[in-house]
Amino acid sequence: MSDIQEKVDQLRDELNHHLYRYHTLDDPIISDVEYDKLFHELRQIEENHPELITPDSPTQRVGSEPLDSFEKVTHLLPMTSLGNAFDDADAQNWLDRVIRRLPDWYDVNDIEFVVEPKIDGLAVAMVYENGTLVQAATRGNGRIGENVTANIRTINVVPLRIPAEKEKLSPPERIEIRGEVYMPLNAFNAFNQQQLQKGERVYANPRNSAAGSLRQLDSKITAQRPLSFFAYAIGYVEGAEVRTHGDALDYMQALGHPINSDILRTKDFDEVLSFIHQWMEKRDQLDYDADGAVIKINDLTLQKYLGVVGNTPRWAIAYKFPAQEATTKLLNIEVNVGRTGQVTPYAVLEPVNIGGVTVRQATLHNFEDLAKKDIRKNDTVIIKRAGDVIPQVVKPILDLRPDDSSPYAPPKQCPCEHQTPLVQFGEEVAWFCTNALCPAQLIRQIEYFVSRPAMNIDGFGSKIGEQVAKASLVQDIADIYFLTREQLLALEGFAEKKADKILEAIEASKQQPFDRVITGLGIRYVGSVVSLFLVQAFSDIFALQKATQAELESIDGIGPRIAESIVEWFSQATNQAVILKLQKAGVTLTQSTQPTENQSQVLAGLTFVVTGTLPTLSRSEAKALIKQHGGKVTGSVSKKTNYLLAGEKAGSKLTKAQSLNISVIDEEILNTLITKDS
Ligand code: IVH
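Predicted model only: the values in this text are computed from it and were never measured.

Draft legend 1. Local environment of the site of the ligand. Surrounding the ligand, one finds 15 residues, the nearest of these being Thr80, Glu116, Glu180, Tyr232 and Lys296. The backbone of Leu82 places a nitrogen or oxygen atom 3.3 Å from an oxygen atom of the ligand. Between a nitrogen atom of the ligand and a side-chain N or O atom of Lys296, the distance comes to 3.0 Å. Within the complex, 88% of the 510 Å² of free accessible area of the ligand lies under protein. Contributions of two or more residues to the shell around the ligand are made by strand 3 (113-119) and strand 10 (290-297). Partitioning the shell around the ligand into residue classes produces eight nonpolar, two polar and five charged.

As structure tokens, then:
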């Protein structure tokens, strides 16, 4: 082998390994910059020696030439679907049917079950030959699917070559891995938001979004979509022995495939049911849409014996979670003015219970989408709620539309008393009110400024925000610091105690760290995480104010869109006045208390896992904070974990940490750890 070929192989192995550590284990061991360096080195060599490019090279994850159509693929073994159970009795009936068909050489007490979440994405089958991904196909009709290999290659958690893990495991000659391609909820929400801003198609749910993204003829588009994958079965394997479904999961994991971490193996069917009920309770906390749980018989010999009826196997059943859709009446279409002035429509609904939550309002995304779906006042509409996703109006039921209905006419002006004409920018579908004095925007800005991720002013709720804005006591967020006792007492519902408490909380918030102040300013695209990046790069607000677009873009994590938004915000005279007022009030506008060098070392060498709902930080903020202080954050608890940072409603990670004797800490203890050495 030539030296150059050897170098290329080595770089690919290394890159694959780091991709696996980063995306599948959530436990990177090199920085992004170091990764990029290796990547560019490989790309450079491939550019000079195009004959060395192979489809499994990490450089090929960016997508390849668009196709005219997808090639058809006949599955060697059909991809079946699953029978459904809707309650415990259905599940018990399924088990009874299994028991009735049990061969006499099998003891009922030996039946073991595996329970997995049923992820709502789309099924794919991926074939690896001698460790290289050679084909990936969608389920299609179960027998014939579509060849989406180029698109699957762009999904970072899917190994292009196994073993990605560098285990001393030689890859099987041929294996078909089956699993679900899905879009994580956070990624879906962010992606839809981005689509909205670009004036492009918004997807109704993560499933459609995953399907739409995977079925792109141009794989370069798929490469930009935040898709992920869980492996849940081996279709067939040559050159390895697998006896149980549990073995199959372990084996796929050893080959470098992502396996869901919340899987139960047990012989106790009551435990199966209670595990599923726990799932139903916590489904909203997951970062993916699960529409049920799948119960499988663990023993593959028994699976085979039980076989398939029609196109559903007898050895497995999907226990579906209660529907997350409901029908209700749309009472009115109203508009909301956001803190950046963006005006968006939403539906006021006759209250309806969806999966245990009463829904009174639902998003209508934007005026364009609303017009396309032709949703009208007094329509009967289908509402969908899924996980963390804001409830949305799916569509009207046309048969139930009243005769006298007429299409919705979008507003031309801001709904506030100034009635400023709304405008659009560039290609964006969004409409804006650009009046700097718009009270509707101000109320939202105040709400955001005092909220938990920002200045966290205790007791200062939305109602007070509205009161002080309407009474013109506050004309911009900085005015909050100049509110007097007399002014508050003049407002409805204020007694002395309440006024004093609010004033104290306002005073205390002046000590909030610099990054929270930046968050509170409400600059478009600048939330708590970006704010943390900014305070690391700029020691005070005036340095940030002077920063150019190029300087901002040179910061890790800040792209052109964010940079432009920051420059634009600081260029406005009204905003410059806000900064001066905040300075006068004595709000923290510098990062001097904790020099970055010290800060970044306090947690060095420690590995954290974050779970549950924390009192003030979101999980991503907590992770950013830990990383900022030199700590490492991983996705799952293992012996290597030093601390589990747990909030309310912590689930299986907490149990696991306790069983491994890992220190469980709360947000307060994290804060002491961070401030201890500084
Ligand atoms: S097993 C015969 N396991 O559900 C077994 N399926 O209705 C076939 N799905 O098309 C699948 N999560 O797309 C299995 N943990 C899981 C799953 C799962 C989601 C989907 C899959 C399949 C459909 C069956």
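Draft legend 2. Quick peek at the pairing of strand 13 (residues 316-320). Judged by how many residues are buried, strand 13 sits mostly within the fold: four of five residues are covered. As judged from the two bridges shared by strand 2 (residues 84-85) and strand 13, these two strands associate in the parallel manner. Residue Asn84 lies in a different strand from strand 13, and its bridge partner there is Ala318. Where strand 10 meets strand 13, five bridges bridge the pair, whose relative direction is antiparallel. Paired with Ala293 across the strands is Tyr319, a residue of strand 13.

Draft legend 3. Seen up close, the nonpolar core. One finds Phe460, Leu534, Leu552 and Leu582 to be the most contacted residues of the largest nonpolar core, which totals 51 residues. Among the elements of the structure, helix 12 (439-449), helix 13 (462-470), helix 15 (496-509), helix 16 (514-520), helix 17 (528-537), helix 18 (541-546), helix 20 (560-571) and helix 21 (573-585) are those that each provide at least two residues to this core. Broken down by element, this core gets its largest block of residues, five residues, from helix 20. Among residues more than four places away in sequence, those in contact with Leu552 are Leu534, Phe538, Leu544, Ala547, Ile558, Ala563, Ile566 and Val567. By size, the runner-up hydrophobic cluster in this structure holds 36 residues, among which are Leu160, Phe188, Met252 and Leu255.

Draft legend 4. Structural view of the side chain of Asn366. Summarising the element assignment, Asn366 is placed in the loop between strand 16 (357-363) and helix 11 (367-373). The class of Asn366 is buried, set by a relative accessible area of 7%. A distance of 3.0 Å separates a polar atom in the side chain of Asn366 from the backbone nitrogen of Glu368. Only 2.6 Å separates the side chain of Asn366 from the backbone nitrogen of Asp369, close enough to count as a polar contact.

Draft legend 5. Representation of helix 23 (residues 619-628) in the model. Regarding helix 23, the residues found buried are Glu621, Ala622, Ala624, Leu625, Ile626 and Gln628. The positive-phi residue at the C-terminal boundary of helix 23 is Gly630, with phi of around 90°.

Draft legend 6. Broad picture of the side chain of His365. As for its position among the elements, His365 is in the loop between strand 16 and helix 11. Here the side chain of His365 touches Gln392 through a polar contact of 3.3 Å, side chain to side chain. If near-sequence neighbours (up to four positions away) are discounted, His365 is found in contact with Leu196, Val202, Thr344, Pro345, Lys373 and Gln392.

Draft legend 7. Spotlight on the sheet that holds strand 22 (residues 632-633). The sheet built from four strands is open, its strands ordered 22-21-23-24 with parallel pairing. One side of each edge strand has no neighbouring strand; the edge strands of this open sheet are strand 22 and strand 24 (663-665). With four bridges connecting them, strand 21 (residues 607-611) and strand 23 (residues 643-646) associate as parallel partners. Note on strand 23: the bridge partner recorded for Thr611 is Ala646. Sheet strands touched by helix 23: strand 21, strand 22 and strand 23. Its angle to strand 21, the strand with the most contacts, is close to 170°.

So, how was this worked out
Residues numbered from 1 in each chain as written. Predicted model: local features only at pLDDT ≥ 70, side-chain atom pairs only at ≥ 80, totals over all residues. Heavy atoms only, no water. Near = heavy atom within 4 Å. Polar contact = N/O pair within 3.5 Å; in protein donor to acceptor, adjacent residues only side chain to side chain. Areas by Shrake-Rupley, 256 points an atom, 1.4 Å probe, with all protein chains shown as cover. Helix = DSSP H or I, 4+ residues; strand = E, 2+ residues; numbered from the N terminus. Nonpolar A, V, L, I, M, F, W, Y, C, P; charged D, E, K, R; others polar. Buried < 20%, exposed > 50% of the residue type's maximum accessible area, 1.4 Å probe, protein only. Pairing = 2+ DSSP bridges. Core = buried A, V, L, I, M, F, W, Y, C linked by side-chain atoms within 4.5 Å. Contact = heavy atoms within 4.5 Å. Axes fitted to C-alpha atoms, helices over the stretch in contact; angles between N-to-C directions.

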